[in-house]
Amino acid sequence: FLPAGTSLASHALNLGHALLTDPLRDGEHAFSVPVVDREKAQLLRQIKAMEDDRDSYAQERFLSKLCVGEPMGLAPWGSLETVEGLSDAHLETARQDLVQNASVTMVAVGPIQEEVLVEFLETHWGNSDSRQALAPPSRPKPNALREIHDPLPVDQAKFHFGFRFQPPTEAKGMEELGLANLVLGGGIQGRLFKIIREQRSLAYGIGSDLRSWKGILSVSAGIDASAYAEVRDEVLAQIKDLASGGVQPVELEMARAAVRNSLLGLSDAPASLASYIGREHLLGLWRAPADRFTGLDQVTPAQLAEVASGWQPDLAYLLAEESQS
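Right, let's walk through the structure included here. (Residues numbered from 1 in each chain as written. Predicted model: local features only at pLDDT ≥ 70, side-chain atom pairs only at ≥ 80, totals over all residues. Heavy atoms only, no water.)

### So, the overall build of the protein chain
The following threshold applies: Helix and strand definitions follow DSSP, with helices as H or I runs of at least four residues and strands as E runs of at least two, each counted in order from the N terminus. The buried label applies to any residue whose accessible area, calculated with a 1.4 Å probe on protein chains only, is under 20% of its type's maximum; exposed applies above 50%, and partly exposed to all values in between. We call two residues contacting when some pair of their heavy atoms lies within 4.5 Å. Per-residue and other accessible areas follow the Shrake-Rupley method at a 1.4 Å probe size, with only the shown protein chains counted as cover for residues. For the purpose of charge, His is not counted, nor are the chain termini; Lys and Arg are scored as positive and Asp and Glu as negative. Just so you know, the charge point we use is NZ for Lys, CZ for Arg, CG for Asp and CD for Glu.
Looking only at helices and strands, one finds 13 helices and five strands in the protein chain. Taking the principal axes of its C-alpha atoms as reference, the protein chain extends roughly 60 × 50 × 40 Å. Looking at the protein chain residue by residue over its 325 residues, the buried ones come to 37%. Of the contacts formed within the protein chain by residues at least 6 apart in sequence, a portion of 77% connects residues at least 24 apart. Roughly 18,200 Å² of accessible area belongs to the protein chain as shown, and the carbon and sulfur atoms make up 55% of that amount. Where the 29 positive side-chain charges of the protein chain centre and where its 44 negative ones centre are 4 Å apart.

### Thoughts on helix α3 (residues 54-66)
Keep this limit in mind: Expected span of a helix, by definition, is 1.5 Å for each gap between consecutive residues, and there is one gap fewer than residues.
End to end, α3 covers 18 Å across 13 residues, agreeing with the expected 18 Å (1.5 Å per residue, within 8%). Of all the positions in α3, only Y57, A58, E60, F62, L63 and L66 are classed as buried. Residues of α3 that are buried in the fold lie against β1 (146-151), β2 (157-164), β3 (205-211), β4 (216-223) and β5 (312-320).

### Things to note about the environment of R232
To keep things clear, this is the line we draw: Contacts described as polar in this section are N or O atom pairs within 3.5 Å, which, within protein, must combine one atom able to donate a hydrogen with one able to accept it, while residues neighboring in sequence count only if both atoms come from side chains.
On the secondary structure map, R232 appears in helix α9 (residues 228-243). You can call R232 buried: its relative accessible area is 15%. A sequence separation of 72 residues divides R232 from H160, and the C-alpha atoms of the two residues are 9.1 Å apart. A polar atom in the side chain of R232 sits 2.9 Å from the side chain of D233.

### Describing the nonpolar core
To keep things clear, this is the line we draw: Put simply, a nonpolar core is a bunch of buried Ala, Val, Leu, Ile, Met, Phe, Trp, Tyr and Cys residues held in one set by side-chain atoms that sit within 4.5 Å of each other.
F159, L179, I223, V231, V235 and W311 are the most contacted members of the largest nonpolar core, which totals 46 residues. In terms of residue count, the dominant contributor to this core is helix α7 (residues 171-184) (seven residues). Excluding residues within four positions of it along the chain, V235 makes contact with F161, F163, L192, I196 and V219. By size, the runner-up hydrophobic cluster in this structure holds 13 residues, among which are Y57, L63, C67 and Y317.

### Description of helix α10 (residues 249-264)
Given 3.6 residues per helical turn, the α-helix brings residues three or four places apart onto the same face. The first and last C-alpha atoms of α10 sit 22 Å apart over 16 residues, in line with the 22 Å expected at 1.5 Å per residue. Summarising the contacts, the buried residues of α10 are in contact with α7, α8 (191-199), α11 (270-283), α12 (289-295) and α13 (301-308).

Everything listed is a geometric property; what it means functionally is a separate question.
What follows is the structure in structure tokens.
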């Protein structure tokens with residue numbers, strides 16, 4: 001809607017920078033007291049209501065048990081005790097740490113003015129030597145399978161199963177990891193959905209997903225609590241079969257098709273492409289979608305078997321009525 005030759009990019013970027021580096025003060029307070037009080041009250045209400053969202057609550061409880069003592073085991077919104085104890089001084093300390101030390105990455109997609117973005121970065125974030133590099137996360141190896149049953153009244157029990165692995169360090173290995181997950185349960189074409197839900201009727205819904213940088217494969221399902229042992233054992237059996245070379249050609253081809261569809265969809269929305277670029281940057285891979293599209297044919301069932309053999313079971317978790325579990 002702007003006149004030809006007009007741009008607001010520089011103004012918008014500088015406004016965003018000012019909001020971060022020079023926030024609105026409230027007298028002697030680092031932030032507006034009414035705003036801080038309002039946001040604290042809202043966050044406390046959300047935390048107290050978390051149990052009512054059984055899916056989200058089970059997910060966070062599972063991660064807290066799977067990753068005890070690790071940053072991923074901490075809920076991103078904190079606890080009631082920590083939020084209640086926050087003051088504007090705590091928020092100011094966190095803001096200063098962010099401004100002074102955080103690693104800065106800019107991803108831009110669309111009809112951009114590159115010179116405006118470069119000038120903004122050089123002006124405000126040019127001293128890259130003082131920035132913190134992202135350290136790799138902790139990746140502990142499980143000693144043995146742990147099992148935890150959390151008692152809570154639910155209409156449908158929530159099952160989560162966590163596996164650890166050492167992430168690949170190169171692009172080819174990351175592609176193999178993604179395809180192996182798709183064969184296992186990363187979609188309705190995966191084994192978990194077809195076997196555990198459709199063939200055996202042991203779950204209302206089930207699937208698997210990856211936290212590639214962290215080295216975690218997690219399976220989640222809604223089940224009857226009485227089916228817990230059968231679901232746990234079937235997940236283990238399917239991973240064992242994949243690791244022993246049981247990947248069928250049709251399974252691999254369906255997984256390839258799923259990846260190709262996702263790559264083709266990147267151009268449909270700038271946000272999707274930006275997210276893809278950001279993830280590639282985080283992983284240090286910088287895989288071009290076109291190269292991935294053609295390279296999928298090079299992945300073999302034997303390579304997927306090797307990937308699955310590295311998935312080590314860590315925690316089987318169930319949120320269910322105490323009498324059911």
